[in-house]
Amino acid sequence: MEGEGAATERQRRATASQVDQWAVQDHVFKIYGAFASIPRSAQSVILELQRDKHVEYLTRGLQQLGPSFVVLDANRPWLCYWILHSIALLGESVDDELEDNAIDFLSRCQDPNGGYGGGPGQMPHLATTYAAVNSLVTLGGNKALSSINRWMHDAGEIDVRACYTAISVASILNILDDELAKGVGNYILSCQTYEGGIAGEPGSEAHGGYTFCGLAAMILINQANRLDLASLIDWVAFRQGVECGFQGRTNKLVDGCYSFWQGGVFALLQRLPAFGGEGFGTSDVEVEWVSDSTSEGDDEDRDSSDDNEALHPEQDQEGHQSSSHSPESSTAVHIQHSRHNQLEPLFHTMALQQYIVLCSQEQEGGFRDKPGKARDYYHTCYCLSGLSVCQYSRSKNENSPPLPTSVLGPYSNLLEPIHPLYNVVSRQYHDAQDFFSKY
Amino acid sequence: MNWEEDEEKLLPSQRPEWSDVSPLPQDDGPNPVVPIAYKPEFAETMDYFRAVYRADERSPRALQLTHQAILLNPGNYTVWHFRRLILETLSKDLQQELDYVSKIAEKNSKNYQIWHHRRWLAEKLGPDAAGRELKFTEKILSGDAKNYHAWSHRQWVLQSLGGWDDELEYCHQLLEEDIFNNSAWNQRYFIITKSPLLGGLQAMRESEVKYTVAAILANPENESPWRYLRGLYKDDPKSWIHDPQVSTLCLKVLTSSGTNHVFALSTVLDLLSHGLQPSRELREAVDTLNPASSRLDSQENSSSTKDSLGNTICSVLEHADAMRVNYWRWRKSQLIV
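The residue numbering used here restarts from 1 in each chain and proceeds along that chain's sequence as written. For naming, the first written chain is A and the first written ligand is 1, with later ones following in the order written. Local features in this predicted model are restricted to residues of pLDDT 70 or higher, and side-chain atom pairs are both shown and tallied only at a pLDDT of 80 or more, whereas totals for entire chains, interfaces and linings draw on every residue. Water and hydrogen atoms play no part in the side-chain values, which are based on all heavy atoms of the structure.

Just so we agree on the cut-off: UniProt positions are given in the numbering used here, feature names are shortened, and annotations may be inferred rather than shown by experiment.
As recorded in an unreviewed UniProt entry, chain B goes by the name Protein farnesyltransferase/geranylgeranyltransferase type-1 subunit alpha, listed as coming from Linum tenue. Check the Function (unreviewed entry) section of the UniProt entry for chain B; it says "Essential subunit of both the farnesyltransferase and the geranylgeranyltransferase complex. Contributes to the transfer of a farnesyl or geranylgeranyl moiety from farnesyl or geranylgeranyl diphosphate to a cysteine at the fourth position from the C-terminus of several proteins having the C-terminal sequence Cys-aliphatic-aliphatic-X." Checking UniProt for chain B, the heading Sequence similarities (unreviewed entry) contains the comment "Belongs to the protein prenyltransferase subunit alpha family."

Looking at an unreviewed UniProt entry, one finds chain A named Protein farnesyltransferase subunit beta, with Linum tenue as its source organism. According to UniProt, the comment filed for chain A under the heading Catalytic activity (unreviewed entry) is "L-cysteinyl-[protein] + (2E,6E)-farnesyl diphosphate = S-(2E,6E)-farnesyl-L-cysteinyl-[protein] + diphosphate". A UniProt comment under Subunit (unreviewed entry) is attached to chain A, and it reads "Heterodimer of FTA and FTB."

Given below as structure tokens:
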């Protein structure tokens, strides 16, 4: 137990966490500040999703990768998934030749006994299997889907991510059964920490990636209500910081990829019956999103000046003054005062979009972790996935498009909706469901 | 011993001892997607690896080849797997292998395969390996105090091989260096609940609460100790709402000016939902923070239920913690009327 002297001494001396955090905050607030100071017309341009550039960056990656990618030589199905899913989110598709090449390549990654490895000739692995299957589902069509050799696999309790990848694949291929689910529920339960989030292994720290995997897996095996959901929601709600994006763990730095891992958790929660959702249904039931305020209500609110509340970065009580304001433009950030509070998404969707578009998006194509970091396909995939989650967070159902007020920037920024359990585009998921239900 | 010197410069095709082996090229097909522009040395090394892997040749030269492949791409789990098979077949000295892995880990501390390999080795070596593994993770953590793999490995070592003696002190040191290190707080919780040398959560609770309260008062904006405090009462909400230290702490923070009140308010809200009977001081402290013009007058105060206090707290938080406005509105809607 420390005395008061030691405590005050420590207060004066900033810790590594604080130093790192303030550096990122400064950078991010400079971006928001600069945005706020430029004319409306310029703001509209910056808020645009650079679709063409993104597709160009993504397609190029599918066609060739430089020598530095050798570190991902055992992860090539992941590269396929990150790229193909991103392209699909943007509402585009790859040309027939590339599609055929992708299907052919992935089949060469397949192990004769089932599962996919990180490359041709490599051992099958749960994670790469997940990536390969999701890639093929994203491509869609008979050729892609029939190329998958469905097999039974022992999940094992390696870690929470392994549980998720195994169950997700089994589910999407329609081979999920009790045998696979047995024991997994208890294991994931033991991975929920005192903080409320879920860890990779029992005892480890609550982490965004594992929280998504754990919750999704539990939902897939119908055991989500065994988790302490109140505690989980509280933890994940607090992962959205002043920078507007999400952090992966308490007191760590914001990162664009958590837009999906953490944002996706909310998308999952919203659908649970416990939160007024319609559940996840089966393939023959139209899955409905939780509906919120009527469009009439939204219009009213939008005209009210109270709603154009810009997001103000908090002032740290150490007196550390972060750069001033964030965008005041109504095309940028504003908080929707919905009539039906309990059906609103539980995180700040417009703020997250602000982070993704202004801080993670690279004008030359691709997305990154945070300002100052380089773009990559992983972040491109999960920033876009997170963006989609935000845009559809208030949608009545998959068939009715989101209101313009749900989309930051021009309405043309609208992406395709995803199925949050698998993170593949909804339409492709349903097509695959139909295909595999015949077995 | 300097492996990364002349030894590695020679590729298999340049060595006589490999002349009997036909390298096996990767079956990428004629038009692969996501093709990586391999450097010639990488392609050749992997071609020879594929050959011995396919042949399941578990020889010293194959072992050396896996080393070269690992240097080129430490993320190839197939190579690591095969290396383990060779180590077993040749009954290699696993302590030496630990030396080897330690060197590779220096530049690859976030590589899952390396940590997995370490765990496999340590498991085989048994409790004697505990000290070394704790030292190793300590070294990694000294450069990256929140390395997820390092912490997981450390926890596994403690549970499987032992070595708990100095762990709480180690945790305390890390918190002294950085009270915001959530990984260290998480480790502390792990120790308190799992260490066979301590009495368990309930026995440790009182001293831990004191420790945590001090940490909170030093930095009330630090989320870690607030969650830790809550965690100390996991599965025992009655003790939590009845511990005077908790409500006293909240009151103290709420009545300090220029202080972040969010976590204190959130904690009181949670306490209320578990049955806390709030004191008058607590109500007043919350009311003082309420910017709304409609403050409860004293008449209403005395008859107001804990739920209107909960309501007030949510209202305050909707403004004080604007990022979570929707969350606080939802919490408000969840209050039992």
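**Concerning the overall build of chain A**
We count it as follows: Numbering of helices and strands starts at the N terminus; helices are DSSP runs of H or I of at least 4 residues and strands are runs of E of at least 2. Each residue is placed in one exposure class: buried if its accessible area under a 1.4 Å probe, protein chains only, is under 20% of its type's maximum, exposed if it is over 50%, and partly exposed if it falls in between. Whether two residues are in contact is decided by their heavy atoms: any pair within 4.5 Å suffices. Each accessible area is a Shrake-Rupley result for a 1.4 Å probe, and residues are judged covered by the shown protein chains and nothing else.
Helix and strand content of chain A: 18 helices and four strands. Burial analysis of chain A (439 residues in total) assigns 63% to the buried set. Across chain A, the fraction of contacts at a sequence separation of at least 24, relative to all contacts at a separation of at least 6, is 70%. Of the accessible surface of chain A, which amounts to about 16200 Å², a share of 48% is contributed by carbon and sulfur atoms.

**A closer look at unusual backbone geometry**
Even without being glycine, N251 of chain A reaches a positive phi, approximately 65°. Mapped onto the elements of the fold, N251 of chain A is located in the loop between α13 (229-237) and α14 (258-271). Positive phi is not limited to glycine here, since S91 of chain B has a value of about 50°. Summarising the element assignment, S91 of chain B is placed in the loop between α4 (77-89) and α5 (94-105). When its relative accessible area of 61% is taken as the criterion, S91 of chain B is described as exposed.

**Focus on the packing of helix α14 (residues 244-254) of chain B against helix α15 (residues 262-273) of chain B**
Residue and element names in this part refer to chain B. Applicable threshold: Angular values range over 0 to 180 degrees, each being the angle between N-to-C directions of two axes fitted as lines to C-alpha atoms, with helices fitted over their stretch in contact. For a crossing to be left-handed, the near helix must be turned anticlockwise from the far one by less than a right angle; the clockwise case is right-handed. Any residue outside Ala, Val, Leu, Ile, Met, Phe, Trp, Tyr, Cys, Pro, Asp, Glu, Lys and Arg is labelled polar, Gly included; the first ten of those are nonpolar and the last four are charged.
Where α14 contacts α15, the two axes come as close as 9 Å, and the packing angle between them is 145°. Considering only the axes of α14 and α15, their crossing is left-handed. Residue-level contacts link V246, C250, V253 and L254 of α14 to A264, L265, T267, V268 and L271 of α15. Partitioned by chemical class, the residues of the contact of α14 with α15 number eight nonpolar, one polar and no charged.

**So, the interface of chain A and chain B**
Our working definition: Note on terms: buried area is the combined drop in 1.4 Å-probe accessible area of two parts once they are placed together, counting the loss on both. Counted as salt bridges are all cases of a side-chain nitrogen of Lys or Arg within 4 Å of a carboxyl oxygen of Asp or Glu. For the purposes of these results, a polar contact is taken to be a pair of N or O atoms within 3.5 Å, where, inside protein, one atom must be able to donate a hydrogen and its partner to accept one; residues adjacent in sequence count only when each atom of the pair is a side-chain atom.
Listed as interface residues are 85 residues of chain A and, on the opposing side, 74 residues of chain B. With both chains or domains summed, chain A and chain B bury close to 6700 Å², and 52% of this area falls on carbon and sulfur atoms. Counting the contacts that link chain A with chain B gives six salt bridges. Notably, a salt bridge pairs R119 of chain B with E201 of chain A, separated by 2.9 Å at the nearest N-O pair. For the pair chain A and chain B, the interface holds 41 residue pairs in polar contact (both at pLDDT 80 or more). For the side of chain A that touches chain B, the secondary-structure elements that each account for two or more residues are α1 (4-12), α2 (16-37), α4 (51-63), α5 (76-89), α6 (96-108) and α13 of chain A.

**Re the confidence of the model for chain B**
Predicted coordinates in areas of low pLDDT are best not read in detail. Definition in use: Confidence of the predictor at the level of single residues is given by pLDDT, which spans 0 to 100.
Taken over all residues, the pLDDT of chain B has a mean of 92, while the share at 70 or more is 92%. Predicted confidence for residues 298-303 of chain B stays below pLDDT 50, and this span has three contacts to residues more than four positions away or in other chains.

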